[in-house]
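Here is how the chains run, residue by residue.
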Number of protein chains: 2
Amino acid sequence: MSDFKPWKIIQRKLILDRSPWLQVHEDQVELPDGQVVDGYLHLEQPDFVIVVPVQSGGLIVMIRSYKHGVGALDLHPPAGYLENGEDALSTAKRELLEETGCEAEGWDELGAFIVSGNRGSGSAHIFLATDCHQVTTPDSGDLEEQEVIWLPVDDVNQLWVEGSFRQIATVAAIGLSLARLKMELP
Amino acid sequence: MSDFKPWKIIQRKLILDRSPWLQVHEDQVELPDGQVVDGYLHLEQPDFVIVVPVQSGGLIVMIRSYKHGVGALDLHPPAGYLENGEDALSTAKRELLEETGCEAEGWDELGAFIVSGNRGSGSAHIFLATDCHQVTTPDSGDLEEQEVIWLPVDDVNQLWVEGSFRQIATVAAIGLSLARLKMELP
């Protein structure tokens, strides 16, 4: 296996600051062969969680809402940004409760993944939440109107394999969660 | 199923232009309840392809390179941006050839997925390329040093389920491709 050297950041210049949502930087980088590249964009965006909640009867809890980035009605798991100082698991439990009114007994972090291999753009922390059950009514506090939908695992699998989900993070989270659920089946 | 209305864009203001890589907009939007929200960020970034190439013997062709967004050495499928006027399938074939020196006989588009449900940020087009075979030496033309690696499907599956891939788009593409390959097995 080759031992590639990292790029060296000679200078990082902040060119747009819309904290806490977005910071755009221009990096001057030196490549391993000595070549210097100017203006390579690096984006700071907040980390977020995606929670795939499954209740004991095998239903998966999803959210349907209009998403402005998609420009359409979208079906996706509960998700949200880490708030100040919050760890990812706390965010996951908070978002599950706020968006669906549910709590869960089992929490598995399936990984944390960079949004853009070139630009950065923060990380997505994916959780599988098992033995999920309703404890209160949803109250997301989000700008979006939201509807909570309980779908059989087989229906979610079908939507996933046929490419019907719209967000790349949804596809990643559903795929990993379905694989984990299959591993745990007798 | 509820019939949610889309948000209405009252005004879209370009606040940073680094075309063709990035345009940042601030949207003034009207929500369905009449509330007006200022400064909702919308990002335009180029669409890209991810190609999961499988040869007839069951090996998957991957790339190992330093990725600046990850800040580390990264294992990922061949991928790249759509260039001017290019359709996604042409990009996929071009990137596979440039980055791995391979061509493929079978091409399935497994879906196109929005990078950010809130911000937009372009779409990822995921392709499964089957009966992949080497026809020339790789010559990516990219800034990154790259190494081509052929891995057994089972090894790729193991890396996927244990959360070892670093990019969210890699996780989505590998998951969908493995599911499609399993469906096609006798």
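What counts and how
Residue positions within a chain follow its written sequence, with the count starting from 1. A letter from A marks each chain and a number from 1 marks each ligand, given out in the order of writing. Per-residue local features of the predicted model are confined to residues with pLDDT of at least 70, and side-chain atom pairs are confined, for both listing and counting, to 80 or more; whole-chain, interface and lining totals are unaffected and use all residues. Reported domain spans reflect what an automatic or database domain assignment gives. Contact criterion: two residues are in contact if their C-beta atoms, reconstructed from the backbone, are within 7 Å. Only Asp, Glu, Lys and Arg are considered charged in this grouping, and only Ala, Val, Leu, Ile, Met, Phe, Trp, Tyr, Cys and Pro are considered nonpolar; every other residue, Gly among them, is considered polar. Each helix corresponds to a stretch of at least 4 residues labelled H or I by DSSP, and each strand to a stretch of at least 2 residues labelled E; elements are numbered beginning at the N terminus. We place the copies in one frame by least squares, fitting the C-alpha atoms of every residue whose pLDDT is at least 70 in both. Pairing between strands is defined by DSSP: at least two bridges between the two strands are required. The axes are straight lines fitted to the C-alpha atoms, using for helices just the contacting stretch, and the angles between their N-to-C directions are given from 0 to 180°. For a helix, the expected span equals 1.5 Å multiplied by the residue count minus one. Neighbour density around each residue's C-beta defines its exposure: 20 or more other C-beta atoms within 10 Å make it buried, 12 or fewer make it exposed, and counts between make it partly exposed, where C-beta atoms are placed from the backbone. The predictor attaches a confidence to each residue, and that confidence, scored 0 to 100, is pLDDT.

**Considering the domain arrangement of chain A**
All names here are of chain A.
- By the assigned domains, chain A splits into domain 1 (8–44) and domain 2 (48–184).
- On a C-alpha basis, the centres of domain 1 and domain 2 stand 31 Å from each other.
- Residue-level contacts link four residues of domain 1 with four residues of domain 2.
- When grouped by side-chain class, the residues that make up the side of domain 1 that touches domain 2 number two nonpolar, one polar and one charged.

**Topic: the interface of chain A and chain B**
- Each partner contributes residues to the interface: chain A has 51 residues there, and chain B has 50 residues.
- Taken together, the elements giving at least two residues each to the side of chain A that touches chain B come down to strand S1 (8–18), strand S2 (22–30), strand S3 (36–44), strand S5 (59–67), strand S6 (72–76), strand S9 (106–116), strand S10 (120–130) and helix H3 (168–184) of chain A.
- In terms of residue count, the dominant contributor to the side of chain A that touches chain B is H3(A) (seven residues).
- A class-by-class count of the residues in the side of chain A that touches chain B yields 30 nonpolar, 14 polar and seven charged.

**Section: the relation of the copies chain A and chain B**
- Between chain A and chain B, which share one sequence, the superposing operator has a rotation angle of 180 degrees and an axial displacement of 0.0 Å; the RMSD is 0.0 Å. These values place the two chain copies in the arrangement generated by a two-fold rotation axis. By C-alpha distance to the rotation axis, the residue of chain A lying nearest is Ala172(A), at 2.0 Å.
- Taken together, the interface assignments show that 98% of the residues at the interface of chain A recur at the interface of chain B, consistent with an identical surface on both copies.

**Some points on the sheet that holds S5(A)**
All names here are of chain A.
- Ordered by their spatial adjacency, three strands build an open sheet running S6-S5-S12, and the pairing between neighbours is antiparallel. The open sheet is flanked by S6 and strand S12 (146–152), the only strands paired with a single partner. Averaged over all neighbouring strand pairs, the angle between strand axes comes to 30 degrees, with direction disregarded.
- Taken together, the seven bridges between S5 and S12 define a ladder with antiparallel strand orientation. For Arg64, the partnering residue across the bridge sits in S12 and is Glu147.
- Against the sheet, helix H2 (residues 153–161) makes contact with S5 and S12, and its axis sits at roughly 105 degrees relative to S12, the strand it touches most.

**Considering helix H3 (residues 168–184) of chain B**
- In this model, H3(B) (17 residues) spans 25 Å end to end at C-alpha, consistent with the 24 Å of a helix rising 1.5 Å per residue.
- Of all the residues in H3(B), the buried ones are Ile168(B), Ala169(B), Thr170(B), Val171(B), Ala172(B), Ala173(B), Ile174(B), Gly175(B), Leu176(B), Ser177(B) and Leu178(B).

**Comments concerning the environment of Asp17(A)**
All names here are of chain A.
- Mapped onto the elements, Asp17 comes out in strand S1.
- The class of Asp17 is exposed, set by 11 C-beta atoms lying within 10 Å.
- Along the sequence, Asp17 and Met183 sit 166 residues apart, while their C-alpha atoms lie 44 Å from each other.

**Looking at the sheet that holds strand S5 (residues 59–67) of chain B**
All names here are of chain B.
- The antiparallel open sheet is built from three strands, whose spatial order is S6-S5-S12. At either margin of the open sheet sits one strand with a lone partner, and together these are strand S6 (72–76) and strand S12 (146–152). Direction aside, the axes of adjacent strands within the sheet are offset by 30 degrees on average.
- Each of S5 and S12 is contacted by helix H2 (residues 153–161), which is oriented at about 105 degrees to S12, the strand it contacts most.

**Quick notes on the confidence of the model for chain A**
- Confidence in the prediction of chain A, expressed as mean pLDDT, is 94, and 97% of residues score 70 or more.
- In the predicted complex, the global pTM is 0.95; the interface-specific ipTM is 0.95.

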